[in-house]
Amino acid sequence: MMEKLASGIFLLLFFGGPRILVQSVELSFELPDNARECFYEEIKKNQTATLEYQVVTGGQYDVDVVLEGPTKEILYRQIKTQFDSHQFTAQATGVYAACFSNEFSTFSHKLIYMDFQVGDEQPLPGIDEHATVLTQLEASSQEIHKSLNAILDYQTHHRLREAQGRKRAEDLNERVLWWSLTETIAVLTIAVGQVIILRNFFSEKKPSQMNYQQVK
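Residues numbered from 1 in each chain as written. Predicted model: local features only at pLDDT ≥ 70, side-chain atom pairs only at ≥ 80, totals over all residues. Heavy atoms only, no water.

The name given to the protein chain in an unreviewed UniProt entry is Transmembrane emp24 domain-containing protein 7, with the source organism recorded as Culex quinquefasciatus. UniProt's Sequence similarities (unreviewed entry) comment on the protein chain is quoted here verbatim: "Belongs to the EMP24/GP25L family." (UniProt positions renumbered as here; feature names shortened; annotations may be inferred.)

Structural data, given as structure tokens:
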């Protein structure tokens, strides 16, 4: 199973429940500023694996991603990307590393969703060993199974978009609030300044000040 290289806070999110027929880990984790997190998975030769990720919140919603093979060769690299999906076939048996870097950011931490699937989706029990043509009930069960998996994926992506949209709305609301407060303070400051200036224009001068001006 996958292990974390560096310390950090992460929350396992099995959206819609774990996948029971394919080796898969689906999680989200916090990536602090100036930090790098790596996750490891042992993959056998000729196995197909898929790495999918998305930056949910934080900064400009971007992260550096590197996928390394057992001999530290670079299989996949993206710089400051928001989301992507990469499928590959293992050329050798060994431990593969998926690393996420936020080292280019100095003050914003990120919340990142990652789904690492290893192997192909297996059919329903008994279907793969079927020697004859599938019955209508078995074919319908297989189609329902595929549709349910697709629904789980759609629900996951909708939850991610919902979380991202909510975070952006909260950030926009905070910016509008601070901008409104700044405008209010500016208007009050200008109003007070105008009152003081107008008051000086219409204030009566003292006799000593008038005599001094006449002498001059």
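Colleague: Requested: an account of the pairing of strand S8 (residues 94-101), with residues and values cited.
Modeller: For S8, a buried count of 7 out of 8 residues is recorded, marking the element as mostly surrounded by other parts of the structure. Pairing geometry for strand S3 (residues 36-43) and S8, over 8 bridges, is antiparallel. For Glu41, the partnering residue across the bridge sits in S8 and is Tyr96. In this structure, strand S5 (residues 63-68) lies alongside S8, joined through 5 bridges in antiparallel fashion. (Buried < 20%, exposed > 50% of the residue type's maximum accessible area, 1.4 Å probe, protein only. Helix = DSSP H or I, 4+ residues; strand = E, 2+ residues; numbered from the N terminus. Pairing = 2+ DSSP bridges.)

Colleague: Could you give me a rundown of the side chain of Ser108, with the residues and numbers involved?
Modeller: Positionally, Ser108 belongs in the loop between S8 and strand S9 (110-118). By relative accessible area, which is 12% here, Ser108 ends up buried. Within the structure, Ser108 has its side chain in polar contact with the side chain of Ser105 (distance 2.7 Å). Non-local contacts of Ser108, meaning those with residues more than four positions away in its chain, are made with Asp33, Gly59 and Asn102. (Polar contact = N/O pair within 3.5 Å; in protein donor to acceptor, adjacent residues only side chain to side chain. Contact = heavy atoms within 4.5 Å.)

Colleague: Give me unusual backbone geometry: which residues, what numbers.
Modeller: Phi is positive for Asn34, which is not a glycine, with a value near 60°. Of note, Asn34 is situated in the loop between strand S2 (23-31) and S3. For Tyr61, which is not glycine, the phi torsion reads 60° and is therefore positive. Secondary-structure assignment places Tyr61 in the loop between strand S4 (48-57) and S5.

Colleague: I'd like a rundown of the packing of aromatic side chains, residues and numbers included.
Modeller: Following the criterion strictly, the structure yields 5 aromatic pairs and no others. Seen from their ring centres, Phe29 and Phe39 are 4.8 Å apart, and the 55° between their planes marks the pair as tilted. Of this pair, Phe29 sits in strand S2 while Phe39 sits in strand S3, placing them 10 residues apart in sequence. When sorted by exposure, Phe29 lands in the same class as Phe39, which is buried. A ring pair is formed by Phe39 and Phe100, whose centres lie 6.3 Å apart and whose planes are at 70°; its orientation type is edge-to-face. Of this pair, Phe39 sits in strand S3 while Phe100 sits in strand S8; the two residues are 61 residues apart in sequence, bridging distant segments of the chain. Take Phe39 and Phe100: they sit in the same class, and that class is buried. (Phe/Tyr/Trp six-rings, centres within 6.5 Å; stacked < 30°, edge-to-face > 60°.)

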